Amino acid sequence: MNDAETLSPLLPNETEEAARRLLQKAHERGLMLATAESCTGGMLASLLTDVQGVSHVFDRGFVTYTNEAKNEMLGIPMEVIDTHDAVSREVAVAMAEGALAHSRANIALAVTGFADAGREPGLVHFGCARAGRKTMHREEHFGPGGRGATRIACMTVAVEMMTEML
């Protein structure tokens, strides 16, 4: 039975199933999730709220597409963004930690990258934070497959990282 509705036609079945398992495990453990998204534009938040019965474990999502939004909504100093670039390990980690600090979530996943343009199309940095643990980082080079393909690939990595952080 397909519990997720909105993104179903676009997502690989394995990613959809992994998201359902992530939400179920978070529910069983009493954990809340949050997201901070740039290149995915809220797609991960949509995925995490699509599964009936367990979407209540999702606290909130921050869509911080501009540098100013990263600064204002997540508290990332502009100096960090200017020094390292918005698409960097440092900013992905700061986004995840900022989402954790500005939410009631126990686990926060951040994604920032070049979906279809920029210095390296398909370069994406992920950060995953959980209180009391070292924030994880992952760098992916999805290649110039286009905006849609990169965003779909991001969903798989994001769900994997959040699951690891449970």
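About the cut-offs
- Residues numbered from 1 in each chain as written.
- Predicted model: local features only at pLDDT ≥ 70, side-chain atom pairs only at ≥ 80, totals over all residues.
- Heavy atoms only, no water.
- Disulfide = S-S within 2.5 Å.
- Buried < 20%, exposed > 50% of the residue type's maximum accessible area, 1.4 Å probe, protein only.
- Salt bridge = Lys/Arg side-chain N within 4 Å of Asp/Glu carboxyl O.
- Helix = DSSP H or I, 4+ residues; strand = E, 2+ residues; numbered from the N terminus.

Student: Break down the state of the cysteines for me, with residues and values.
Tutor: Scanning all chains against the criterion turns up zero disulfides. There is no disulfide at Cys-39, and the cysteine sulfur nearest it, in Cys-154, is 4.5 Å away. Look at Cys-39 and you get buried, because its relative accessible area is 3%. Note on Cys-154: relative accessible area 1%, which makes it buried.

Student: Break down the pattern of salt bridges for me, citing the residues and quoting the values.
Tutor: By the definition in use, this model includes seven salt bridges. Note that Asp-85 is salt-bridged to Arg-119, the shortest N-O span being 2.7 Å. Here Arg-119 lies in the loop between strand 3 (107-113) and strand 4 (123-130) and Asp-85 lies in the loop between helix 4 (78-84) and helix 5 (89-101), a separation of 34 residues in the sequence. Via salt bridges that share partners, Glu-17, Arg-20 and Arg-21 belong to a single interconnected network.

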